Amino acid sequence: MARQSNLMVSKIGIIGAGVSGIAVAKQLSNYNPVVFEASDSIGGVWKSCSYSSTKLQSPRGDYEFTDFPWPNRDDPSFPSYIEILDYLKSYAEHFDVMKYVMFNTKVVEVRFVGGREPADSGEPGEYGSLLPGLPVWEVAVQSKQSDTIQWYAFEFLVVCTGKYGDIPKIPEFPLKKGPEVFKGKVMHSLDYCKLDKEAATQLHKGKKVAVVGFKKSAIDLALECAEANQGPEGQPCTMVVRTLHWTVPHYWVWGLPFFLFFSTRSSQFIHERPNQSLLRTMLCLLLSPMRHVVSKFIESYLLHKLPLQKYGLKPDHPFIEDYASCQMAIMPENFFSEADKGKIVFKKASKWWFNKEGLEFEDNTKVEADVVIFATGFDGKRKLKDILPDPFCSLLEDARSGVMPLYRGTVHPLIPNMAFLGFIESVANLHTSELRSIWLARLIDNKFKLPTIDKMLDQVSKEIEIAKRTTRFYKRHCISTFSINHSDEICEEMGWSSWRKNNMLSEAFSPYGSRDYELK
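What you see is a predicted model, and the numbers here were worked out from it, not measured in a lab. (Residues numbered from 1 in each chain as written. Predicted model: local features only at pLDDT ≥ 70, side-chain atom pairs only at ≥ 80, totals over all residues. Heavy atoms only, no water.)

Peer 1: Please clarify how the overall build of the chain should be interpreted in this entry.
Peer 2: Helix and strand counts for the chain come out as 17 helices and 19 strands. In terms of overall dimensions, the chain is globule-like: its C-alpha atoms have a radius of gyration of 24 Å, near the 24 Å expected for 520 residues. The principal-axis extent of the C-alpha atoms belonging to the chain is close to 70 × 60 × 45 Å. Counting only residues that meet the buried cut, the chain has 54% of its 520 residues in that class. For the chain, restricting intrachain contacts to residue pairs at least 6 apart in sequence, the fraction spanning at least 24 positions comes to 72%. (Helix = DSSP H or I, 4+ residues; strand = E, 2+ residues; numbered from the N terminus. Rg over C-alpha atoms; globule rule 2.2 N^0.38 Å. Buried < 20%, exposed > 50% of the residue type's maximum accessible area, 1.4 Å probe, protein only. Contact = heavy atoms within 4.5 Å.)

Peer 1: Even after reading the chapter, I still don't get the state of the cysteines, so can you show me in this structure?
Peer 2: For the structure on display, the rule yields 1 disulfide. Here C326 connects covalently by a disulfide to C478, the sulfurs 2.1 Å from one another. Its S-S torsion of approximately 75° makes the covalent link between C326 and C478 right-handed. Of this pair, C326 sits in the loop between helix 11 (319-324) and strand 13 (329-330) while C478 sits in the loop between helix 15 (453-470) and helix 16 (483-494); the two residues are 152 residues apart in sequence, bridging distant segments of the chain. Accessibility expressed as a relative area gives 16% for C326, which makes it buried. (Disulfide = S-S within 2.5 Å.)

Peer 1: Just to check I follow, could you spell out the packing of aromatic side chains for this structure?
Peer 2: Evaluated as defined, the whole model comprises 42 aromatic pairs. Between F68 and Y91, the ring centres sit 5.8 Å apart and the planes meet at 75°, which makes this aromatic pair edge-to-face. In this pair, F68 sits in the loop between helix 2 (45-48) and helix 3 (81-94) while Y91 sits in helix 3, placing the two residues 23 residues apart along the sequence. You can call Y91 buried: its relative accessible area is 0%. Taking the centre distance of 6.3 Å and the plane angle of 5° together, the rings of Y152 and F154 count as stacked. Across the pair, F154 and Y152 agree in class, each one buried. Taken together, the ring pairs connect F78, Y251, F258, F261, F262, F297, F319 and Y323 into an aromatic cluster. Positioned above the aromatic ring of W70, the side-chain terminus of R60 is 5.2 Å from the ring centre. Against the face of Y512 rests K501, its NZ or CZ located 4.8 Å from the ring centre. (Phe/Tyr/Trp six-rings, centres within 6.5 Å; stacked < 30°, edge-to-face > 60°. Lys NZ or Arg CZ within 6 Å of the ring centre and 35° of its normal.)

Peer 1: Would you take a moment to explain a nonpolar patch on the surface for this structure?
Peer 2: Among the surface-exposed residues, F269, L279, L283 and L286 lie close enough to one another that they form a single nonpolar patch of about 390 Å² accessible area. Within the secondary structure, L286 is located in helix 9 (residues 278-286). (Patch = residues over 30% accessible without salt bridge, like charges linked within 9 Å, V, L, I, M, F, W, Y side chains within 5 Å. Areas by Shrake-Rupley, 256 points an atom, 1.4 Å probe, with all protein chains shown as cover. Salt bridge = Lys/Arg side-chain N within 4 Å of Asp/Glu carboxyl O.)

Peer 1: Please clarify how a positive patch on the surface should be interpreted in this entry.
Peer 2: Taken together, the side chains of K169, K215, R242 and K475 make up a positively charged region of the molecular surface. Tracing the chain through its elements places K215 in the loop between strand 8 (209-212) and helix 6 (216-228). A relative accessible area of 41% means that K215 is categorised as partly exposed. (Lys, Arg positive; Asp, Glu negative; His and termini not counted. Charge placed at Lys NZ, Arg CZ, Asp CG, Glu CD.)

Peer 1: Which parts of the structure should I look at to understand the environment of G178?
Peer 2: With respect to the secondary-structure elements, G178 resides in the loop between strand 6 (149-159) and strand 7 (185-188). Each C-alpha atom, one on G178 and one on W352, is 9.8 Å from the other, the two residues being 174 residues apart in sequence. Beyond its immediate sequence surroundings of up to four residues, G178 is in contact with F173 and F354.

Peer 1: Sorry if this is basic, but what is going on with the environment of S10 here?
Peer 2: Within the fold, S10 resides in strand 1 (residues 8-15). In the structure, S10 is positioned 318 residues away from M328 in sequence and 41 Å away in space, judged by C-alpha atoms. Those residues within four positions of S10 in sequence are excluded, and the remaining contacts are N32, V34, A153, F154 and E155.

Peer 1: For this particular structure, what's the right way to read the nonpolar core?
Peer 2: As a rule of thumb, nonpolar side chains are buried together in soluble globular proteins. Core analysis: the largest hydrophobic core is formed by 61 residues, its most contacted members being W46, F65, L88, V158, W439 and L440. Residue contributions to this core peak at 8 residues, all from helix 14 (residues 429-444). Filtering out sequence-adjacent residues up to four positions away, W46 remains in contact with V19, T54, K55, L56, Y63, Y81, I84, L85 and L88. If you look at the next biggest cluster of nonpolar residues, it comprises 52 residues, including C193, A200, F262 and V371. (Core = buried A, V, L, I, M, F, W, Y, C linked by side-chain atoms within 4.5 Å.)

Peer 1: Honestly, the sheet that holds strand 7 in this entry has me stumped. Any pointers?
Peer 2: Consider a sheet: its strands pair through backbone hydrogen bonds, and that pairing is either parallel or antiparallel. The strand order 7-18-8-9-14 describes an open sheet built from 5 strands, whose pairing is parallel. Two strands in the sheet have a free side with no partner beyond their single neighbour: strand 7 and strand 14 (344-348). Across the sheet, the mean angle from the axis of one strand to that of its neighbour is 20°, orientation sign disregarded. Sheet topology note: the strand 7/strand 18 (residues 371-374) ladder contains 4 bridges and is parallel. In the sheet register, K185 faces strand 18, and the bridge partner there is V371. Across the sheet, helix 5 (residues 197-204) touches strand 7, strand 8 and strand 18, and the angle it forms with strand 18 is around 125°. In the packing of helix 6 onto the sheet, contacts are made with strand 8, strand 9 (237-241), strand 14 and strand 18, and the angle to strand 9 comes to roughly 165°. (Pairing = 2+ DSSP bridges. Axes fitted to C-alpha atoms, helices over the stretch in contact; angles between N-to-C directions.)

Next up, the structure:
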């Protein structure tokens, strides 16, 4: 790819205008950042990977920016993706973020031109200057309206491409047992998202549809299929389930609010966290049976409220493992009523493949299908590997866990002058991204210094080891069981007080959310 002579030079570049992209653009507005967005709209996954029925999985008050509350934040209903896009657009317009975004511009290549090896930036053992005064990264951008490649140069680059959308994750099949032998239609949920409501209904109506997966997108998709197949002519939707996960109907458990179990400082006290003192370690060990009690208490309610055993959908692992790996999903209210009508059926299988008429399973059973839809997730790291040069591609995954080793969920200790936002998950991902955007802006403003590279790597290693001990499903950087502690450390590093409440009672038993981290 030829480099153009008219190189555009700026201090800070941002790739992606989803939730993380607009949050960090607002925080770095004094640097006039350049934001590249491949689509024609802000919103990221909410714009590109939503069905007509897609809703937020938490109350709107748990999904808002610190300085921009929802206009109807006390509305108890979960907002639709349209409402979320409107909220994000209002935020971007209110803080004049739109002027930084270049829509329909896709980043196709990134080059390191800093002239140093990543571990040698600055003094020995230090990360180096974040704004060195000279370009460190060059970015090749292609516009949808033109085949021309324009190059930009930046002192610092923020990657906000996220882990969802763009590149679908497709299961692998034996030779001559893949989609090519199937006479029906095969698609991924990413393609399904591009259909409007009428087209989606027509895809399902009167068809034998198989949905592969049992997470939030698969559940919503199966429900849309069932609703399109009402009446005697309607066909059932088959959900092909490889791994069962716990689902919750709402955020109440036996009359108690869900936040009491995980989102208060006192509730997180029973979970292991990085950098805890010897006394804290001993207390955590002493209180460890409480983790089991909490998990069983929640499971008892879910088994009472949802017909999981009736349909063979009771997971074998504790609920807390799904929560600790950010895999908990909200079950739509009418999902099991459609299953009771026979409009949604379930097939559990660890191995399966295609034949001409549909799907075959390892127990020699078969399911006929006209349409097969993969709700099998996305390959977010592939997006990064497609644009980042060597040797940085090899640094994107921790060899032991497969997750991105990010200090404070933001900076890779071995990749200079680059930050990653939207790659760490917690109870509320918008809040998670915004707080780390604030942290990054203050870091770039030289309000504090990063630890040495070795200390940053050690911190990340501690977080990974704790998370791996908490859940067998640790495949992504999820901090849900110690999210308050994670925020505490970020606050302390910025010079803020880590205790954000007005009194000790609230500090111990009130839920922590975005508004607790508002600048005062």
